[in-house]
Amino acid sequence: MNNSNDIKFMQIAIEQAKKGRYNTHPNPLVGAVIVKNDKILSKGYHKKFRDKHAEQDAIDKSKETLKGATLYVTLEPCHHHGNTPPCVDAIIKNRFSRVVIATKDPNPLVNEKSISKLRDNGIEVETGVCEDDAKELNKPFFHKYRSSKPYIRLKVGVSIDGKIADEKKESKWITSTESRKFVQELRAEVNAIVTTSSTVISDNPQMNVRESSVLKKINNQPAVIILDSKLRIPISSNIFKTNRLIIILADIRYATNAPLRIYNNNVVIKYVETKDGKIQLKDIYMIAKTYHLDDLLIESGSTFSNTLLSANEVDELIYFVAPKILGNKGLTFSGIKPINKLKDKKTFMIKNIKSFNNDLYINMRRH
């Protein structure tokens, strides 16, 4: 049973970790708080990739001796040499008496190794304090080690009768300005946006972070993975006008067309074998892993949504509902064929609900 002080200080560490949002990838978000005699000596967090870790940041900020102090940290301290020395050694060197860890690190290079080393050096270790909150901070990080696949977020904006566009396939704009601003934050948070040639051709989107309040917080735009099996997208499309990594997945049968198209240096074409003309999920996952893109936001039409939902590959459903009715000939978001038996339904768990102006936002997770 966690005591109230442990929970209080760990929640402060979690808020510290959130300060690194958008900029630590491929590292997780981590926060740390150093406490002695119920007084906070210092706080730290991992600010960006290759920068010092949260534990070292907090240690460096403390102006008092750390002997006998307690360290609260949202993730098990690192045990291996990477871009920084092992944090576990710094903790031992500074003679902390107790370390409270929200959750163990799923990385095999670390997993329980640091906990064992701390205990072997006479340091008391408590784990599992605010564990669910700490794991929520780094959903893709934990998912990657659990499933060896990227974390899939499917973003959808619909009318109250479940339509993403009208009969003429027009969709601008179903949801409110406030909802779209929130999507800008989501784009900043993920590693890559996945879309299809049909979406790019019909909407000509930029699919980048443009909101100034969000833009100033990020170091890089999210990459884009475009499923364009027949290389149909015009080179003049808006999506190519931003300087970021763009990966086009195309059918290997269209490889001979590549020399006819001159892309910018930031555009990479990867040729794969399709099935019935469709790019396979395993190839998308392979490319994502190759480029260390473990958090994917899907922004596409119903065809690709159907592929993901049918294969039960959606980890998080980001669902915006606008109080509008588009009628029975509008396009549905899922593309799922009618089911004959209720037991075959697709089910999600609601994580939270909030409102944006006149829209309802429902965050759902894999059941």
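Rules used in this analysis
Residues numbered from 1 in each chain as written. Predicted model: local features only at pLDDT ≥ 70, side-chain atom pairs only at ≥ 80, totals over all residues. Heavy atoms only, no water. Helix = DSSP H or I, 4+ residues; strand = E, 2+ residues; numbered from the N terminus. Rg over C-alpha atoms; globule rule 2.2 N^0.38 Å. Buried < 20%, exposed > 50% of the residue type's maximum accessible area, 1.4 Å probe, protein only. Contact = heavy atoms within 4.5 Å. Areas by Shrake-Rupley, 256 points an atom, 1.4 Å probe, with all protein chains shown as cover. Lys, Arg positive; Asp, Glu negative; His and termini not counted. Charge placed at Lys NZ, Arg CZ, Asp CG, Glu CD. Pairing = 2+ DSSP bridges. Axes fitted to C-alpha atoms, helices over the stretch in contact; angles between N-to-C directions. Polar contact = N/O pair within 3.5 Å; in protein donor to acceptor, adjacent residues only side chain to side chain. Phe/Tyr/Trp six-rings, centres within 6.5 Å; stacked < 30°, edge-to-face > 60°. Lys NZ or Arg CZ within 6 Å of the ring centre and 35° of its normal. Core = buried A, V, L, I, M, F, W, Y, C linked by side-chain atoms within 4.5 Å. Parallel < 35°, antiparallel > 145°, perpendicular 65-115°, else oblique. Expected span 1.5 Å × (residues − 1).

K.L.:
Explain the overall build of the chain here, please?
P.N.:
When its secondary structure is counted, the chain shows 11 helices and 16 strands. Relative to the compact-globule value of 21 Å for 367 residues, the chain shows a C-alpha radius of gyration of 23 Å, a close match. With the principal axes as the frame, the chain shows a C-alpha extent of 70 × 45 × 40 Å. The proportion of buried residues among the 367 residues of the chain is 48%. At a minimum sequence separation of 6, the contacts of the chain that also span at least 24 residues come to 69%. Surface summary for the chain: the accessible area is close to 18700 Å², and the carbon and sulfur share equals 48%. Looking at charge distribution, the chain has the averaged site of its 60 positive side-chain charges lying 3 Å from that of its 41 negative ones.

K.L.:
When you look at the sheet that holds strand β5 (residues 124-127) in this model, what are you seeing that I'm missing?
P.N.:
Hydrogen bonds between backbone atoms are what pair the strands of a sheet, whose relative direction is either parallel or antiparallel. Strand order in the open sheet formed by 5 strands is β2-β1-β3-β4-β5, and the pairing between neighbours is mixed. Strands at the two margins of the open sheet, each flanked by one partner only, are β2 (39-45) and β5. Adjacent strand axes in the sheet meet at a mean angle of 15°, parallel and antiparallel pairs treated alike. Pairing analysis gives 4 bridges linking strand β3 (residues 70-73) to strand β4 (residues 98-101), with the strands arranged parallel. What sits directly across from Val73, in β4, is Ile101. The sheet contacts of helix α2 (residues 54-61) involve β1 (31-36), β2 and β3, and relative to β2 the element is tilted by about 135°. Strands β4 and β5 of the sheet are contacted by helix α4 (residues 113-120), whose axis makes an angle of about 150° with β5.

K.L.:
Looking at this model, I keep getting lost on the side chain of Asn191. Mind explaining?
P.N.:
By secondary structure assignment, the location of Asn191 is in the loop between α7 (177-189) and β8 (192-196). Of the polar contacts made by the side chain of Asn191, one reaches the backbone nitrogen of Asp295; its length is 2.9 Å. In this structure, Asn191 is in contact with His25, Pro222, Ala223, His292, Leu293, Asp294 and Asp295, ignoring residues within four places of it in sequence.

K.L.:
Please clarify how the packing of aromatic side chains should be interpreted in this entry.
P.N.:
The description of an aromatic ring pair uses the distance of the two centres, along with the angle that the planes make with each other. One pass over the structure, following the stated rule, counts 9 aromatic pairs. Relative to Phe320, the ring of Phe182 has its centre 6.2 Å away and its plane inclined at 70°; by these criteria the two rings are edge-to-face. Pair noted here: Phe182 is in helix α7 and Phe320 is in strand β13 (residues 316-322), with a separation of 138 residues, a long-range link. Note on accessibility: Phe182 and Phe320 belong to one class, buried. Each ring, one from Phe356 and one from Tyr361, has its centre 5.9 Å from the other, and the planes form 55°; the classification is tilted. Tyr361 gets classed as buried once you look at its relative accessible area, which sits at 3%. A cation over a ring is seen here: Lys47 above Tyr45, with NZ or CZ 4.4 Å from the ring centre.

K.L.:
Sorry if this is basic, but what is going on with the nonpolar core here?
P.N.:
Burial of nonpolar side chains together is a common tendency in soluble globular proteins. Leu296 and Tyr319 are the most contacted members of the largest nonpolar core, which has 32 residues in total. Top element by residues in this core is helix α10 (residues 281-290). It accounts for 5 residues. Beyond its immediate chain neighbours, meaning those up to four positions away, Leu296 contacts Pro150, Tyr151, Ile152, Arg153, Ala192, Val194, Ile225 and Ala288.

K.L.:
Would you mind showing me how to read the packing of α10 against helix α11 (residues 302-310) here?
P.N.:
For any two helices packed against each other, one specifies the inter-axial angle together with the distance between the axes. Running from amino to carboxyl end, α10 crosses α11 at an angle of 90°, the nearest separation of the two axes being 12 Å. Comparing their axes, α11 and α10 come out roughly perpendicular. Taking contact as the criterion, the partners of Leu281, Ile284 and Tyr285 in α10 are, on α11, Phe304, Thr307 and Leu308.

K.L.:
Whenever I open this one, the pairing of β1 confuses me. Can you help?
P.N.:
Look at any regular strand and the pattern is simple: side chains alternate between the two faces of the sheet. In terms of burial, β1 is largely enclosed, as 5 of its 6 residues are buried. Here β1 pairs with β2 via 6 bridges, running antiparallel. Directly across from Gly31, in β2, lies its bridge partner Tyr45. The hairpin formed by β1 and β2 contains 2 residues between the paired strands, and Asn37 there has a positive phi angle of roughly 55°.

K.L.:
Before we go on, may I ask you to explain the pairing of strand β16 (residues 359-366) in this structure?
P.N.:
Burial analysis of β16 places 6 of its 8 residues in the buried class, which makes it a mostly covered element. Both β13 and β16 contribute to a ladder of 6 bridges, which runs antiparallel. Residue pairing for β16: Leu317 is matched across the bridge by Met364. As paired strands, strand β15 (residues 348-356) and β16 are joined by 8 bridges and run antiparallel to one another. Across the sheet, the residue bridging to Phe348 is Arg366, located in β16. Counted along the chain from β15 to the antiparallel partner β16, the turn is 2 residues long, and its residue Asn357 has a positive phi close to 55°.

K.L.:
I would appreciate a short explanation of α7 in the present structure.
P.N.:
Helical geometry note: an α-helix holds 3.6 residues per turn, so side chains three or four residues apart project in the same direction. Taking 1.5 Å per residue, 13 residues should reach 18 Å; α7 reaches 19 Å between its end C-alpha atoms and fits that length. Turning to α7, its buried residues number three or more, namely Ser179, Phe182, Val183, Gln184, Leu186, Arg187 and Ala188.

Nothing here speaks to function; it is all geometry.
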